[in-house]
Structure formats: structure tokens, C-alpha cells
Amino acid sequence: MAEPGQSQIDEIEALSSIYGDEWCVIDEAARIFCIRISDHLEHPKWTLCLQVILPSEYPGTAPPLYQLNAPWLKEQDRMELANSLEEIYVENLGESILYLWVEKIREVLMEKSQSSDSGPDFKKKSEEEDVDFEDDFILEHQPEDAVKTLDFVIPESQGEVEEMPPIDHGVPITDRRSTFQAHLAPVVTPKQVKMVLAKLYENKKIASATHNIYAYRIYCEDKQTFLQDCVDDGETAAGGRLLHLMQILNVRNVLVVVSRWYGGILLGPDRFKHINNCARNILVEQKYTDTPEESSKQLGKNKKQRKDKRKSDH
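All of these numbers come straight from a predicted model, not from anything done at the bench.

**Student:** Can you help me understand the packing of helix H2 (residues 75-91) against helix H3 (residues 98-115) in this one?
**Tutor:** Geometry of a packed helix pair, given as the angle between the helix axes and the separation of the axes. One can describe the packing of H2 onto H3 by two numbers: an axis separation of 10 Å at closest approach and a directional angle of 145°. The handedness of the crossing between H2 and H3 comes out as right-handed. Contacts between H2 and H3 involve Asp-77, Leu-81, Ser-84, Leu-85, Ile-88 and Tyr-89 from the former and Leu-100, Trp-101, Lys-104, Ile-105, Val-108 and Lys-112 from the latter. Class assignment for the residues of the contact of H2 with H3 results in 8 nonpolar, 1 polar and 3 charged.

Below you can see the structure in the form of C-alpha cells.
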């Protein structure tokens, strides 16, 4: 089996960081993964397992193969979900889509939870509905990427003086004497990115870190596109993985820096997990993104508001 591309590796690491124990590796060599999706993390009524097989060509020229597994899942529910996932794939050809799939399924489960007082009735399930389902799609066209990546060259501003953004520092993670800590600042211009980095390097401890990996995303309203960039600072591919996490979480107007102080013991791939976890934790703390449970609650709240509005319209 051909080796997966870097974007696939980045996506898997990002999803593992986002969903934690809900994400499960079935067979890493065969690239088979499963994620448990519920309407509510603490008291779930409706739960579904999405199992995916990622071909080496994904996400560039091939979609994931997948199965939707749940004892309550009827054929009609299965087909409706499959259609929704296909629409998401077609709308995002060539891009990483697993996060969008998971949150779409979570949204469907939230709707079911709100429309039913009780959970699923497993006894009503027929043998016909117990057949495993696997779907595949054909890639016809890959759209051009609308996101621009910048080289980190920022000209000196000739206009107004820009304000130094506030900087927040995350809780450190230590593993085998290596320590990781994230720093975050809201930014709306590349000039502010440069200012924040300069300010961070005034701190002798941060300046002495083995690596200061960073990524930023700035949304340009007029062009409806992102200015974004990342730097590994000697930790090969770490900046790209950090930026990929931020893309999946769809955060904007923010700079995240992760400092690593090497403790003398090689951590292997675990170092990327710690970098992503540090970054995600501080993004959640500073309200740039939700926890999976808060995401579910917000989806349910939005759906209820839309339903109430439709009733009032009638």
C-alpha cells in the first residue's frame, strides 16, 4: 500500500487532537480509523460510529471509503446521511473533509435527540437493516484552492501605528522532560504577527526554547480569502501540521505559537500530538473554537432557533 500524503497525516493528527478518546485507530498501516459520534458526550441517546478507510490518494484525487455503524440505523436514515456526506464531498473536492463529515453526523444526531423524547428502539431493527454499508464517490473536478499562503516577509507599515495585541499563554504539557507551551494573540494584519513574535522573543525563556513553531490565519473580508503562513523553526513539518489544525477548526484572525523545550529524550510522533493538543487547548480556552460537546450544544441551539423561526413565519 502506498504511503499517505502529508495532508492526510496532518488531518489524522488534527482529528486525534480535536476528538480525543472519541477517535480510534483500528489499523494504522491500512489507514482504518473510527470515530464515535454522539448527540451528547455525557448523556448520549443517539450514537453512531463512522469508520473510514483512507486511500493514499485522499484527499487529492480520491474520497474516503466509509461505513456508518449503529444498531438503530435504518436504511432510510442511512441513505439520507450518505447523501449529505456526498454533498459535502462534492462541495469540497480535493480538500480534507473528515471533520465536516463528523460534525454533519453530530448535527443529525442532535436533530434526532430534539425530535424524540426517548432514545433508539433496538428491537425494531430488522435483519435487512443490519447490512454493512459502504459508499464510494467519483472525483470529476478539483477546484483551485482559494486560500493564499504567504512567505513571511512583512514590509514596514507606512500608515497608522498598529496596536500590540494582547498575548495569552496556555498551560504547559510535559512529557519525558520535554515541555510544550502554547501562546496566542488575536491578529488582523501581518504587521501584528511580527509585533507579537518580537514581543514573545523578549521573554528569555521563550527565546531559549528549542523550537518556537507558529501559524497564523487572517481573514480578508474584501477578498473573502485567508492570509496564512506557518514556520517549523527546526521541527520539520510541525508548522504545517499546526496550520492544518487551525484550518480544520476554521479559526480566523489569530496567531498561535507553540514553544518546545527539548528534554534530551526523543519523543517521536508524540511531539506533534503535544504541539496540536497545546494549540487546541488554548484555542478552546480563548473561545476561538468549541469543545466537541459545546459544538453539539450549539448545533442543537441553532436548529431549535431555525425551527422556532419557521413556526413563527407560519
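**Student:** Even after reading the chapter, I still don't get the packing of aromatic side chains, so can you show me in this structure?
**Tutor:** Remark: the centre distance and the inter-plane angle together describe each pair of aromatic rings, the angle taken between the planes. Inspection of every chain in the model, using the stated rule, returns 5 aromatic pairs. Lys-205 extends its terminal NZ or CZ atom over the ring of Trp-261, reaching a point 5.2 Å from the ring centre.

**Student:** I'm lost on the packing of helix H1 (residues 6-19) against helix H7 (residues 270-285) in this one. Help?
**Tutor:** Interhelical geometry of H1 versus H7 gives an angle of 50° and a closest axis separation of 9 Å. Between H1 and H7, the angle falls in the class oblique. As H1 runs across H7, the sense of the crossing is right-handed. Here Glu-13, Ala-14, Ser-17 and Ile-18 of H1 come into contact with H7, specifically with Phe-272, Asn-276, Asn-277 and Arg-280. A per-class count over the contact of H1 with H7 returns 3 nonpolar, 3 polar and 2 charged.

**Student:** I would appreciate a short explanation of the pattern of salt bridges in the present structure.
**Tutor:** Two side chains that carry opposite charge are able to pair once their charged atoms sit near each other. Taken as a whole and assessed by the stated rule, the structure comprises 10 salt bridges. In this structure, the salt-bridge partner of Arg-106 is Glu-22, at a minimum N-O distance of 3.7 Å. Of this pair, Arg-106 sits in helix H3 while Glu-22 is found in the loop between H1 and strand S1 (23-27), placing the two residues 84 residues apart along the sequence. Like Arg-106, the residue Glu-22 is buried in the burial classification. Put simply, Glu-235 and Arg-260 hold a salt bridge, and the shortest N to O gap is 3.0 Å. You can see Glu-235 sitting in the loop between strand S10 (225-231) and helix H6 (238-248) and its partner Arg-260 sitting in strand S11 (residues 254-261), a full 25 residues away along the chain. Like Glu-235, the residue Arg-260 is buried in the burial classification.

**Student:** Help me understand unusual backbone geometry in this model?
**Tutor:** With the exception of glycine, the majority of residues adopt a negative phi angle, and the majority of peptide bonds are in the trans configuration. Here the bond from Tyr-58 into Pro-59 is cis, since omega is 5°, no more than 30 degrees from zero. Tracing the backbone through its elements, the reader meets Pro-59 in the loop between strand S3 (47-53) and strand S4 (65-69). Residue Ala-237 is not a glycine yet carries a positive backbone phi of 75°. Mapped onto the elements of the fold, Ala-237 is located in the loop between S10 and H6.

So, how was this worked out
- Residues numbered from 1 in each chain as written.
- Predicted model: local features only at pLDDT ≥ 70, side-chain atom pairs only at ≥ 80, totals over all residues.
- Heavy atoms only, no water.
- Axes fitted to C-alpha atoms, helices over the stretch in contact; angles between N-to-C directions.
- Helix = DSSP H or I, 4+ residues; strand = E, 2+ residues; numbered from the N terminus.
- Left-handed = near helix turned anticlockwise from the far one by under 90°.
- Contact = heavy atoms within 4.5 Å.
- Nonpolar A, V, L, I, M, F, W, Y, C, P; charged D, E, K, R; others polar.
- Phe/Tyr/Trp six-rings, centres within 6.5 Å; stacked < 30°, edge-to-face > 60°.
- Lys NZ or Arg CZ within 6 Å of the ring centre and 35° of its normal.
- Parallel < 35°, antiparallel > 145°, perpendicular 65-115°, else oblique.
- Salt bridge = Lys/Arg side-chain N within 4 Å of Asp/Glu carboxyl O.
- Buried < 20%, exposed > 50% of the residue type's maximum accessible area, 1.4 Å probe, protein only.

Take it as geometry only, folks, not as evidence of what the structure does.
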